[in-house]
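# Coordinate inspection notes
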Amino acid sequence: MKFAGINLEEPRVMGVINVSPESFFKGSIRQREDELIETALKMLEDGASFIDIGAKSTAPYLENQIPVEEEIRRALWALSILRDNVDVPISIDTTNAKVAEEAIKVGADIINDISGLKGDPKMVEVAREYNVPLILCAHKDVEDFSNPVHEVINALQESLQIAYKNNIEKEKIAIDPAIGFLRPKYPPWYEWDSKVIANLNLLKVFGLPILVGVSRKSFIGAITGRRNPIERLAGSLGATAIAVWNGANIIRTHDVKETLDAIKIAHFIKRFRE
């Protein structure tokens, strides 16, 4: 299995760099050129196979509305710098088709759409026109609170139908179970996310790479009692190991070196499971 030309025989790491000052984890934000380059090169040195650029916070509990022109400005600034300094696929984390198109023009290789093609109707057109890989996140209004995995599968199925109807090739798609984004009133969101990670293997039904982002998210804080994201590394690594054990192919993280170690241990030990 491959995604964006990267072999996924072993799980891979996607390093996250935010150029959005409103992002929930302040330690991930880079707003100077030298910091941006240094961080990206360090991620590659530590073993990242992908870099993901976020120019607008997507945390569902934050006030994160900014003008699309500002999102484009931030994205193009970061991508124009990084494209000359890194040689791995770069994804643009956006729900806006105009942002995605402008980002691709200056070097983005992948569209990471947390709306799962259900936000901007032009997003699928951009993906098709530029023939770039897509990360589709489970996105929907939750109906059945009792079965998180069922809801995630249904949401992903809807997104995949949109993609396939618009002639997006299966080989260009990875799926994301939306850890941290589907937040029903009940069960508590941290239980919801935990159930999805515990049963991640059920998403293999799609035959697609599974990308999981757990890095320093609020469910880690809720379970461990660590309110500050800067204190959630250990919890994130625990969740990463479980996700890999249950079939994750790509882990999206702020902490490449430590995450890759957790991945290697989980993947190695899993080989001996009877």
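Conventions we followed
Residues numbered from 1 in each chain as written. Predicted model: local features only at pLDDT ≥ 70, side-chain atom pairs only at ≥ 80, totals over all residues. Heavy atoms only, no water. Axes fitted to C-alpha atoms, helices over the stretch in contact; angles between N-to-C directions. Helix = DSSP H or I, 4+ residues; strand = E, 2+ residues; numbered from the N terminus. Left-handed = near helix turned anticlockwise from the far one by under 90°. Contact = heavy atoms within 4.5 Å. Nonpolar A, V, L, I, M, F, W, Y, C, P; charged D, E, K, R; others polar. Buried < 20%, exposed > 50% of the residue type's maximum accessible area, 1.4 Å probe, protein only. Pairing = 2+ DSSP bridges. Patch = residues over 30% accessible without salt bridge, like charges linked within 9 Å, V, L, I, M, F, W, Y side chains within 5 Å. Areas by Shrake-Rupley, 256 points an atom, 1.4 Å probe, with all protein chains shown as cover. Salt bridge = Lys/Arg side-chain N within 4 Å of Asp/Glu carboxyl O. Parallel < 35°, antiparallel > 145°, perpendicular 65-115°, else oblique. Core = buried A, V, L, I, M, F, W, Y, C linked by side-chain atoms within 4.5 Å. Phe/Tyr/Trp six-rings, centres within 6.5 Å; stacked < 30°, edge-to-face > 60°.

## Re the packing of helix 8 (residues 233–245) against helix 9 (residues 256–270)
Remark: helix 8 packs on helix 9, axes separated minimally by 9 Å, with the N-to-C direction vectors making an angle of 35°. In this structure, helix 8 meets helix 9 at a crossing whose hand is right-handed. Note on element contacts: helix 9 touches helix 8 through E258, T259, A262, I263, A266, H267, I269 and K270, opposite L233, L237, T240, A241, V244 and W245. Residue classes in the contact of helix 8 with helix 9 are distributed as nine nonpolar, three polar and two charged.

## Considerations on the pairing of strand 3 (residues 12–18)
One face of the sheet, then the other: side chains in a regular strand alternate in exactly this way. Counted residue by residue, strand 3 has six buried out of seven residues, so it is predominantly covered. In this sheet, strand 10 (residues 250–253) lies alongside strand 3 in parallel orientation, the contact comprising four bridges. The residue of strand 10 that forms the bridge with G15 is T253.

## Focus: unusual backbone geometry
Even without being a glycine, N167 presents a positive backbone phi close to 65°. Inspection of the secondary structure puts N167 in the loop between helix 5 (148–165) and strand 8 (173–176). Note on N167: relative accessible area 63%, which makes it exposed. In this structure, R216 is a non-glycine residue whose phi angle is positive, near 60°. Summarising the element assignment, R216 is placed in the loop between strand 9 (211–213) and helix 7 (218–224). What makes R216 buried here is its relative accessible area of 6%.

## Remarks on the pairing of strand 8
Of the two faces of strand 8, the one lined by I173 and I175 and the one lined by A174 and D176 are each fully buried. Pairing analysis gives four bridges linking strand 7 (residues 134–137) to strand 8, with the strands arranged parallel. Residue pairing across strands places C137 opposite D176, the latter belonging to strand 8.

## Things to note about a nonpolar patch on the surface
On the surface, a nonpolar cluster with roughly 430 Å² of combined accessible area is contributed by I265, F268, I269 and F272. In this structure, F268 sits in helix 9.

## Let's talk about the packing of helix 1 (residues 33–45) against helix 2 (residues 68–82)
Orientation of helix 1 relative to helix 2, taken along the N-to-C sense of each, is 55°, at an axis distance of 10 Å. In this view, helix 1 runs oblique relative to helix 2, as classed from their interaxial angle. The hand of the helix 1/helix 2 crossing is right-handed. For the pair formed by helix 1 and helix 2, the contact residues are E33, L36, I37 and A40 on the first element and W77, A78, I81 and L82 on the second.

## Regarding the nonpolar core
In this structure, I53, I111, I175 and V212 are the most contacted members of the largest nonpolar core, which totals 72 residues. Grouped together as the second largest cluster of nonpolar side chains are 10 residues, L8, F50, I135 and I250 included.

## Observations regarding the packing of aromatic side chains
Summed over the entire model, instances satisfying the criterion amount to three aromatic pairs. Measuring from ring centre to ring centre gives 5.2 Å for W189 and Y190, while their planes differ by 80°; the resulting arrangement is edge-to-face. For W189, a relative accessible area of 25% translates into the label partly exposed. We classify Y190 as partly exposed; its relative accessible area is 28%.

No statement about biological role is implied by the geometric values presented.
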